[in-house]
Amino acid sequence: MATQLLVSGHVYTPASPDATALAVTDGVVVWVGSDAVGVALHPDAEVIDLAGRFVAPAFVDSHVHLTSVGLALDDRILSDATSGADLLARLRILVADQPRDAVVVTGGWDDSEWSDTATTAQIDAVVGDRPVYLARVDEHSALASSALRAAVDDLAAQPGFTGDGLLTGAAHHLVRTRARASLTPAQRVRAQSAALDHCAAQGIVAVHENGGPEISGLDDFGELAKVQHSVAVRRLWGAPVGSAEQATALLADTGAHGLAGDLFVDGSLGSHTALLSEPYADAPDTRGVGFLDAEQVYDHLEACTRAGIQAGFHVIGDAAMTIVVAALERLAEQVPTATIARCAHRVEHAEMTSAGQAQTLARCGVIASMQPGFDAAWGGADALYAKRLGDRAAAMNDFAMLAKTGVALSFSSDAPVTAISPWATIRAAVHHHTPSSAVSARAAFAACTRGGWRAAGINDGVTGTLVPGAPAHYSIWEVDDFVVAGSDEKVQRWSTDPRSRVPSLPDVAPGATLPTCVATVSSGQTIFGDIGVGDTEIRADAR
């Protein structure tokens, strides 16, 4: 058996808070501790000097859309648009480099702070007769050229249709489907591979693709299964079923790992389509859009539970969460909660969840797959959430309440909605706009590592950590400063004492330089960078 011994580093492990060395044999962590002991115990190991670098469990991003991520890596020209007029100017630059017959599929623009908007007529003036799809940053609405609109039959009859502006709801789903259908298999595979390469470079060894018929389509979902890459992909298909037999058949037909992910109960706050119990503060004529009713949610949940399949829903608004929680409570009257919990059902986003609802989620073992980057981007007194919800915004994304109630958290990016950057995700969770909703850096790190594996149904107590017996999924980082700190002053006062025996983490305070990934390793195999970062003479001395 070949053993690698990494020495002279800073190893993040609950097994030894001041560990500097790590031994890996055949893709499994076999020992952690100090350099001298490691060399004595493993005299024949290949010794790799870390030169003081930080070694930690590799990350898992539990909510991504890989084709969209790959396309966005090639083109982010619209993401920094500051107004409708600026969007049009950037679009003119973009299409100048495109063939006349190419369908333009892009997006990322955020009109939260804009004073004007771009209309279909203005887009047509820029692009002519080209089919153009421009998704809003939340991916729940889009602007589209007349040529693309005309390619969708009966579009004007669909909910969410507007004649000269933003498309939402069912109208948006149809236009997105038509636009995405224009991508060739080669374009999709190239985008998916680029996205996975990018994940590996961020210290990520596994992602959860949240697919569905209204998101990327079955062709895209199927092609992803064929992509050969070292980053593991858990594929979740968001389509409702009505019986255990139907659930089993759909899982087989799609090759999915679960019938979870982005199965839309509602939409998004940015697009005014998240389903609310009270009207929007800035749009008092609407409470959002519901895509599944209470019976459909219950039927899907019951069918998947009886089939032993992971179910899940896209849930943002409080009225949408009420529907899901009512279905869970109803199901818990029919089957033991342990049976429900074994399926590791999920709620994606869960931004507006009450304490009472959290208790039901915890009792049923439901995992909340959440995005701290949402609060970083749109939280705060003068930002989007406050505009949409008024006083209700302060209670959004209450990670601390959910954790204290016992809800398992899995943090993710929802890329391309927010960037794939696990340390920025941790920073956002620790420095929430509502301080009482923040969690400690340790809790946030766990939600980005062990939480992601748990959301995949792996809850063996070791995966996602660096302890003997755990798969050797780890990443190596250049770090400026280490701290041992919680999310509030009481925690910081005791945990910064070295006698607390709490392992330290990189400083994620606002303004601090976030870690840089040197290498990513999955089951002992390097999938990004080079773990041989040390000096040959130092390695020899370590022996």
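Remember, predicted model here, so these are calculated numbers, not experimental data.

**Some details on helix α3 (residues 84–96)**
Taking 1.5 Å of rise per residue, the 13 residues of α3 would be expected to cover 18 Å, and the 19 Å separating its terminal C-alpha atoms lies within 8% of that figure. Taken together, the buried positions of α3 are occupied by Gly84, Asp86, Leu87, Leu88, Leu91, Leu94 and Val95. Tucked into the core, α3 has its buried residues touching β8 (104–109), α4 (120–127), β9 (132–136) and β10 (142–144).

**Points about the pattern of salt bridges**
Taken as a whole and judged by the stated rule, the model has 13 salt bridges. As a salt-bridge pair, Lys387 and Glu113 come within 3.3 Å of each other at their nearest N and O atoms. Taken together, the positions of Lys387 in helix α15 (residues 384–389) and Glu113 in the loop between β8 and α4 put the pair 274 residues apart, joining distant regions of the chain. Assessed through its relative accessible area of 33%, Lys387 is described here as partly exposed. According to the relative accessible area criterion, Glu113 is exposed, its value standing at 56%.

**A short note on the layout of surface pockets**
Its volume calculated, the largest pocket comes out at about 570 Å³. Around the largest pocket sit 27 residues that line it, and Leu71, Asp75, Val105, Thr106 and Leu183 are the ones nearest its centre. Mapped onto the lining of the largest pocket, the elements with two or more residues apiece are α2 (66–74), β8, β9, α6 (169–180) and α7 (185–201). Counted by class, the lining of the largest pocket contains twelve nonpolar, eight polar and seven charged residues. Elements supplying a minimum of two residues to the lining of the second largest pocket: β16 (408–411), α18 (441–448) and α19 (450–455). Of the residues that constitute the lining of the second largest pocket, the class distribution is 13 nonpolar, five polar and three charged.

**Section: the domain arrangement of the protein**
When its domains are assigned, the protein resolves into domain 1 (3–57 + 464–488 + 496–529), domain 2 (67–185) and domain 3 (238–456). Domain 2 puts 18 residues into the contact, and the matching count from domain 3 is 19 residues. Taken together, both faces of the contact between domain 2 and domain 3 bury some 1300 Å²; the carbon and sulfur share is 61%. Counting every contact that joins domain 2 to domain 3 gives one salt bridge. Between the two partners, domain 2 and domain 3, sit six residue pairs in polar contact (both at pLDDT 80 or more).

**Describing empty space enclosed by the protein**
Considering all chains together, one arrives at three cavities of 30 Å³ or more under this definition. A volume near 230 Å³ is recorded for the largest cavity. Taken together, 23 residues form the lining of the largest cavity, with Asp138, His140, Ser268, Asp414 and Val417 sitting closest to its centre. Taken together, the elements giving at least two residues each to the lining of the largest cavity come down to α14 (372–378) and α15. Residues of the lining of the largest cavity, tallied by class, amount to nine nonpolar, seven polar and seven charged. Estimates place the volume of the second largest cavity at around 60 Å³. The wall of the second largest cavity is formed by Phe59, Val60, Asp61, Ile204, Phe411, Ser412, Ser413, Ser421, Pro422, Thr425 and Cys448. Breaking the lining of the second largest cavity down by element, the ones donating at least two residues are β7 (59–64) and α17 (422–430). For the lining of the second largest cavity, the per-class residue count stands at six nonpolar, four polar and one charged.

About the cut-offs
Residues numbered from 1 in each chain as written. Predicted model: local features only at pLDDT ≥ 70, side-chain atom pairs only at ≥ 80, totals over all residues. Heavy atoms only, no water. Helix = DSSP H or I, 4+ residues; strand = E, 2+ residues; numbered from the N terminus. Expected span 1.5 Å × (residues − 1). Buried < 20%, exposed > 50% of the residue type's maximum accessible area, 1.4 Å probe, protein only. Contact = heavy atoms within 4.5 Å. Salt bridge = Lys/Arg side-chain N within 4 Å of Asp/Glu carboxyl O. 1 Å grid on protein atoms, 1.4 Å probe; cavity = no way out; pocket = protein on both sides within 12 Å on 5 of 7 lines; lining within 4 Å. Points joined across faces, edges and corners; volume = space filled by probe spheres on them. Nonpolar A, V, L, I, M, F, W, Y, C, P; charged D, E, K, R; others polar. Domains from an automatic or database assignment. Buried area = accessible area lost by both parts, 1.4 Å probe. Polar contact = N/O pair within 3.5 Å; in protein donor to acceptor, adjacent residues only side chain to side chain.

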